[in-house]
Amino acid sequence: MYFNNHVHDEYSNAALGFPDVVNKVEDVIQKAYDLGLSGIAITNHECVSSHIKALQYYERMKKDRPFKIALGNEIYLMDESEDKENREEKRTVYPYYHFILTALDTLGHKQIRELSTKAWKRAYFSRGLMRTPTYYSDIEEVIGQEKGHVIASTACLGSFLDKMILQWKSGDTPTKLAIHSFITWCIDTFGKDNFFLEIQPCYEDNVEQMTVNAAMKELSKAYKLGIIPTTDAHYLTKDMAFVHKTYLNSKEGEREVDKFYATTYLMDEEELRTFLKLQFSIEEIDEMYKNTLLIWDRITEYDLQHNPIIPQIPEEKLPQFKIRHLFKEWYSKYPNFAFYSTNEGTLHEQYFFYQIEKGFEKKVCNSVKPKNIEQYIARLDEEFEQFRLISEALGTSIPCYFSSMSQIIDIIWNIGSLVMPGRGSAGACLSCYLLDITQIDPVPFGDYMPFWRFLNVQRGAELPDIDTDSESSKKNEIVQGVIDFFGEDRVLSIATFSALTSKTAIEKSCKGLGINNDTANYIKAMIPIERGFTWSLKDCFEGDVEKQRKPIQTFINEVNKYPKLKECALALEGLITGRSTHAAGILIGNEPYTNFIAAMRSPKGDLCSCYDLIDCEYCGEIKFDLLKTNATDKIHTTLDLLLKDNLIEWQGSLKNTYEKYIHPDVLDYENPKMWDIIRNIYSVFQFDTNVSVRALNATHPKSVMDLSATNNLLRLMSQPGQESPLDKYARFKNNINEWYSEMEMGFLKMNKNA
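Residues numbered from 1 in each chain as written. Predicted model: local features only at pLDDT ≥ 70, side-chain atom pairs only at ≥ 80, totals over all residues. Heavy atoms only, no water.

**Q** How should I be thinking about the overall build of the protein in this particular structure?
**A** Along the backbone of the protein there are 31 helices and 18 strands. Dimensions of the protein, computed from C-alpha atoms along their principal axes, come out at roughly 90 × 70 × 60 Å. Sequence-distant contacts in the protein: of pairs separated by 6 or more residues, those separated by 24 or more amount to 75%. Here the protein displays about 35,300 Å² of accessible surface, and carbon together with sulfur accounts for 51% of that area. (Helix = DSSP H or I, 4+ residues; strand = E, 2+ residues; numbered from the N terminus. Contact = heavy atoms within 4.5 Å. Areas by Shrake-Rupley, 256 points an atom, 1.4 Å probe, with all protein chains shown as cover.)

If you want it as C-alpha cells, here you go:
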C-alpha cells in the first residue's frame, strides 16, 4: 500500500479560472479507497476550498480498513524579489514554482490557511491569470518557528527543483548551487523528517520526467532525503483520460494534453509499481512506498468544526452605559425578561439589555399611540427565554448577535444610506424592532406575526437570520464601514462556487469533442426546464417516476449520434468550475478569520472566504445579510427631491428625517389615498414587473396584509389550463359570495363521497 500525497479535485478549476481537473471531491476520495490506497492528500492549486467537504465525506464514508485523507495545498513558491520583477515587467520573468504542503494536524492546517491567505491577499492579474505567489519568507514566518505540523514535498515538473534539475542535466552546471541552496533551505525550514523529494510515473517517451526521477535518486543519496511517488491526479482512472482531455479542450480548443497528463490519475499499488520499475529496483520502490506511509502514520484527525462564534462589538468600542431598571417591577413575574438585566450576564449581554430598555422607553412608553406595557414585556419574556435556551444549546450568546446587528444598522445609516423596514421572519421579533434592526412593531399584528416564526428551540437550536435592505449605490462604502469597525482581519465576503449544469455539460462536451456550436445549442434546447429547474441528464436519459418524468427520446437519439458525448456530459455535469461571491452575505468574527478559515479572491479581485457559506458555518463563522436594493436608492432620491422643493424639512440627520416622515410607525395605513396611488407608482419594490403590476390592478390591496398576500400569490403557479391562485384570490376578494359558493360545493362533494 502507499499514500498518494498529490491529488487534485474540482475546486482547482474554480481557483485557476480555467479547466484543469475532472475529479469530483467525493469521487476521488472513494476511488482512492476502492483502489486500495492507504490514503490521499487533497492538494489543489493554491486552493483549500474543498477541504471541509472532503473531510465530511471522509467522516461519513464506509470503511473496513485503515484509510486517511490529508488536507494540503499546491502553492506557488518564489522569492519576493522575483515576484516584484514579474509585476514590474508585466510578464513572467520568473516562473510561479509549484510546491506541496500537507497538513499533519489541526495546527498544520492553520499554518496552511495563513499561508494561503497571504498568497491571495497579494494576488494580482497577469495576462488574464490571477497570480497567487507564496514567498519563502512567508513560510519562514508561519512554519519556521513551529516545525513538524506540515510536510513539504517538491511537487511536479512545474517545481523549482524539477526545473533546476533539467537545467543541470542539460549541462548548466551552476544550477547545482541553486539546487543545493533550495534543498538546504527546505531542510532548515521544515526539518529533515518533514521534507520529501517527489517523483511521478511516466512513459519512457517523457524524457523530462524520466530525467527528474533519475536525478531525485542521486539527490536522495546525497542529502539522505526520502523519495515519495505521487501521481498528481487530475482524473480518476486511465479510462477517464478522454473526459479530462475533452474538458481541457472545451476552453482552449485543440490542445496537446495526452503526453503531459498521460499518467496524472489515481493508480493502485501495482499499476504505479509498473511505471516505477522503468527506473527503480523493487527494493527502492518498497522503500519509497514506506516513505509515503511515514507521512500517513503522522496524519492525525483535523479538528476544524466549531460552534457558532457570534461576533461581539469590540469592548473598547462599547459606549459607557448603565441599566436603569425602568421595569424592575415586572422582573419577578417575567424572570426571562429579567435574565439579561443582572450583573451575572456578560458585559455584552448587559449592553443588549441596556439597548432594549432604551428602545422600549422610546417606542413603547413614549409611543404616540398608547401601548400596553405588560403585553410588550410578556412578549420580550417569551423572546428572551428562546435566546437563553438557544445560547445554552449552541454554547454562545444570542443577544450579542442582535447588538452586533444593531451596530451594523447604525453603520449603514452613518454611511448615508437608508435602511429599510426589514423582511422575513425577523419582523416577528420585538427585540429587533426595539433595537432598530427592523421597523415594524409585531405586537399589534398578533397571530399574524408570532415570534416562533423567527426563533424557537423546538425547531432546533439555530441562529437568527436577518435580512437588511440598504442602498445599492453604497454597497462598497457599507462593507468598508463594517470592516473599519470590526477589523480588517475579522470581516470577509462569502465565496460561492458554480457547477456545470446539464445544459453547460452538453455545451462543454460538444466543444471539447469538436462538435459545432449549432449542434450543441440544438441538443441543449431539448433539455426541459420545469418550474425554473433544469432537468438533470440522468432524468433526460432515464426519466424519474417520482417526479413523473419520462426519458426524452429525441434528446437521447440526438446525443447517441456523437461518440463519447453521453459519457463526457454525464461525467462533467455537476463539476465545480467557477467561483464568485455571495450577493449580500458577509462574515464577521471576534478573532482573525485565519483561526478558522482562509481568504481568497473572487475573479473580480474581491477578498472573500475560501469556503462556501455552509463550510464557513461548519467552522463557526457567522453570516450577516446586507441586501442592496434599487428601491432603497429610489426612496432616498425621492426624499432628496422633497427636501429640495421644501415639502419636508431636514431633521439633522438622514435617519431622523426618515423617521419623521416615512418610517412605518408614522404612516397612516387607513388613508385610502396611499393605497390608491400604489397602482400608479412606476416602481414598487417586488412589484416592478408586468406580471406584478397586473397583480396589483387585479387585487386592489388596501392594507399591508393585502399587499403581503398578493406578493405571496405571485410566487404560486397553476397547473396548465387551470385558474391561477392570484386570479382566484382576486375573484374571491372582489366577490366574497363566490368563495362561499365554492366552499359549499366542496363540502357537498365531500359529504357525497363519504
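Next, the rest of the story.
**Q** Quick question: what am I supposed to make of helix 16 (residues 398–415) here?
**A** The α-helix winds at 3.6 residues per turn, so residues separated by three or four positions along the chain end up facing the same way. Relative to the 26 Å expected for 18 residues at 1.5 Å per residue, helix 16 spans 26 Å between its end C-alpha atoms, a close match to the ideal helical length. Taken across its 18 residues, helix 16 has 15 buried, putting it largely inside the fold. (Expected span 1.5 Å × (residues − 1). Buried < 20%, exposed > 50% of the residue type's maximum accessible area, 1.4 Å probe, protein only.)

**Q** Help me out: how do you make sense of helix 2 (residues 25–34) in this one?
**A** Taken as a whole, helix 2 has its buried residues at Val25, Val28, Ile29, Ala32 and Tyr33. Buried residues of helix 2 fall within an arc of 135 degrees about the axis and therefore sit on the same side. The positive-phi residue at the C-terminal boundary of helix 2 is Gly36, with phi of around 90 degrees. (Arc of directions from axis to C-beta.)

**Q** Quick question: what am I supposed to make of the packing of aromatic side chains here?
**A** Taken as a whole and assessed by the stated rule, the structure comprises 40 aromatic pairs. Measuring from ring centre to ring centre gives 5.1 Å for Tyr97 and Phe160, while their planes differ by 90 degrees; the resulting arrangement is edge-to-face. A residue pair is termed long-range when its members are at least 10 positions apart, and Tyr97 in strand 4 (residues 97–103) and Phe160 in helix 7 (residues 160–169) qualify at 63 residues. On the basis of relative accessibility, which here comes to 14%, the residue Phe160 falls in the buried class. The ring of Trp296 carries Lys68 above its face, with NZ or CZ at 4.4 Å from the centroid. The side chain of Arg122 reaches across the aromatic face of Tyr135, ending 3.7 Å from its centre. (Phe/Tyr/Trp six-rings, centres within 6.5 Å; stacked < 30°, edge-to-face > 60°. Lys NZ or Arg CZ within 6 Å of the ring centre and 35° of its normal.)

**Q** Explain the environment of Ile323 to me, please; I cannot follow it from the model alone.
**A** Within the fold, Ile323 resides in the loop between helix 12 (282–298) and helix 13 (335–338). In the structure, Ile323 is positioned 180 residues away from Lys503 in sequence and 60 Å away in space, judged by C-alpha atoms. Once residues lying within four places of it in the same chain are set aside, the contact partners of Ile323 are Tyr340, Ser341, Gln350, Phe353, Tyr354 and Glu357.

**Q** Looking at this model, I keep getting lost on the state of the cysteines. Mind explaining?
**A** Where two cysteines share a covalent bond between their sulfur atoms, that bond is called a disulfide. Under the defined criterion, the tally for this structure stands at 0 disulfides. Unpaired in terms of disulfides, Cys186 finds its nearest cysteine sulfur in Cys156, a separation of 14 Å. Summary of cysteine pairing: Cys608 is not part of a disulfide, and the nearest cysteine sulfur, belonging to Cys610, is at 8.7 Å. (Disulfide = S-S within 2.5 Å.)

**Q** Sorry if this is basic, but what is going on with the environment of Arg127 here?
**A** As for its position among the elements, Arg127 is in the loop between strand 5 (124–126) and strand 6 (129–131). Expressed as a C-alpha distance, the spacing of Arg127 and Phe533, which sit 406 residues apart in the sequence, is 37 Å. Among all residues touching Arg127, those that are not within four sequence positions of it are Lys90 and Arg91.

**Q** Before we go on, may I ask you to explain the pairing of strand 9 (residues 195–199) in this structure?
**A** Regular strands show a simple pattern: their side chains alternate between the two faces of the sheet. Most of strand 9 sits out of view: 5 of its 5 residues are buried. Of the two faces of strand 9, the one carrying Phe195, Leu197 and Ile199 and the one carrying Phe196 and Glu198 are both buried. Pairing of strand 8 (residues 150–153) with strand 9, which is carried by 2 bridges, proceeds in the parallel orientation. From the neighbouring strand, Ala152 faces strand 9, where its bridge partner is Phe195. Inspection of the sheet shows strand 9 paired to strand 10 (residues 227–229) by 3 bridges, in the parallel sense. When the bridges of strand 10 are listed, Glu198 appears paired with Ile228. As a crossover connection, the stretch from strand 9 through helix 9 (residues 207–223) into strand 10 is right-handed. (Pairing = 2+ DSSP bridges. Right-handed = clockwise from strand over helix to strand, strands pointing away.)

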